[in-house]
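Coordinates in review
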Amino acid sequence: MTVKVLVADDHSAIRAGLTIILDNAEGIEVVGEAADGAAAIRQARALRPDVTLMDVRMPGTDGIAATRELIAEGLSEVLVLTTFDLDEYVHAALRAGAAGFLLKSVEAPRLIEAVKLVAAGEGVLAPQVTKRLITAFAATSQAPVSRPRGLGDLTEREREVLGCLGAGLSNAQISARLYIGETTVKTHVSRVLTKLDLRSRVQAAILAQENGLALDG
């Protein structure tokens, strides 16, 4: 199955570079490009990509607003591109439902892997990068922490899976950590997101960090 990708970035050279890398990867096809968030929304509605690579800062409709719209309409998974400066734009993008993020300096193999992971519904939660972001976000967030209503509805195993998400673990790592199959992990993750009314694994990871539920990675 080919993963359809939309590339949204206001710099034409970056769009071109990403397109070349992805179009030359097995199982990936770039179906469109967009120079701003509004164009990304229009393209996503027309092309229905599996994954949108979304720049954060773009003229007009920025990547945050575009991400929020794509996720709300169920048009595409979103993988945010960032310089990893831990600013409010990245935080807002994750709150909007982005499946994860990449550095713009990402190597081609990692970019390809990340796109396929997001398309498969796993998201990009590399411990060496994403865990730092989640931890910093939880530590610096000025929003009051409130325990979500659905937290009490989680089973013991689902709480363990949530804790693993908070530690930035992948499905394979959670499987090894809890001694359960990856298919079972996917089922538990889906149930956790549904019960907590969350849009992505990243949001679940942030919630786990904020509520002190993250396990040691």
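Calculation criteria
Residues numbered from 1 in each chain as written. Predicted model: local features only at pLDDT ≥ 70, side-chain atom pairs only at ≥ 80, totals over all residues. Heavy atoms only, no water. Pairing = 2+ DSSP bridges. Helix = DSSP H or I, 4+ residues; strand = E, 2+ residues; numbered from the N terminus. Axes fitted to C-alpha atoms, helices over the stretch in contact; angles between N-to-C directions. Contact = heavy atoms within 4.5 Å. Buried < 20%, exposed > 50% of the residue type's maximum accessible area, 1.4 Å probe, protein only. Right-handed = clockwise from strand over helix to strand, strands pointing away. Core = buried A, V, L, I, M, F, W, Y, C linked by side-chain atoms within 4.5 Å. Parallel < 35°, antiparallel > 145°, perpendicular 65-115°, else oblique. Left-handed = near helix turned anticlockwise from the far one by under 90°.

In spatial order, the strands read β2-β1-β3-β4-β5; together these five strands make up an open sheet with parallel pairing. Edge positions in the sheet fall to β2 (28–34) and β5 (100–103), since each has one partner strand and no second. Direction aside, neighbouring strands of the sheet carry axes that sit 25 degrees apart on average. The sheet strands contacting helix α2 (residues 37–47) are β1 (3–8), β2 and β3 (51–55), and the helix crosses β2 at an angle near 135 degrees.

Residue placement: Leu 207 occurs in helix α10 (residues 201–210). Judged by relative accessible area, Leu 207 falls into the buried class, the value being 9%. Beyond its immediate sequence surroundings of up to four residues, Leu 207 is in contact with Pro 148, Leu 151, Leu 162, Leu 196 and Leu 198.

On to unusual backbone geometry. Its identity is not glycine, yet Arg 48 carries a phi of approximately 50 degrees, on the positive side. Residue placement: Arg 48 occurs in the loop between α2 and β3. Since its relative accessible area comes to 45%, Arg 48 is described here as partly exposed.

Once that is clear, we can look at the pairing of β2. As paired elements, β1 and β2 share six bridges and run parallel to each other. Along β2, the bridge assignment pairs Leu 6 with Gly 32. Once you follow β1 into helix α1 (residues 12–23) and on to β2, the crossover reads as right-handed.

Attention now moves to the nonpolar core. In terms of nonpolar packing, the biggest core is built from 23 residues, with Ala 8, Ala 40, Met 54, Leu 70, Val 78 and Val 80 touching the most fellow members. Beyond its immediate stretch of four places on either side in the chain, Met 54 contacts Ala 8, Ala 40, Gly 63, Ala 66, Thr 67, Leu 70, Val 78, Leu 79, Val 80 and Leu 81.

Angle between the axes and distance between the axes are the two parameters that describe a pair of packed helices. Relative to each other, α2 and helix α3 (residues 63–72) sit at 20 degrees, their axes nearing to 8 Å. On the basis of the axis angle, α2 is roughly parallel to α3. In this structure, α2 meets α3 at a crossing whose hand is right-handed. Contact residues: α2 offers Gly 37, Ala 40, Ile 41, Ala 44 and Arg 45, while α3 offers Ala 66, Glu 69 and Leu 70.

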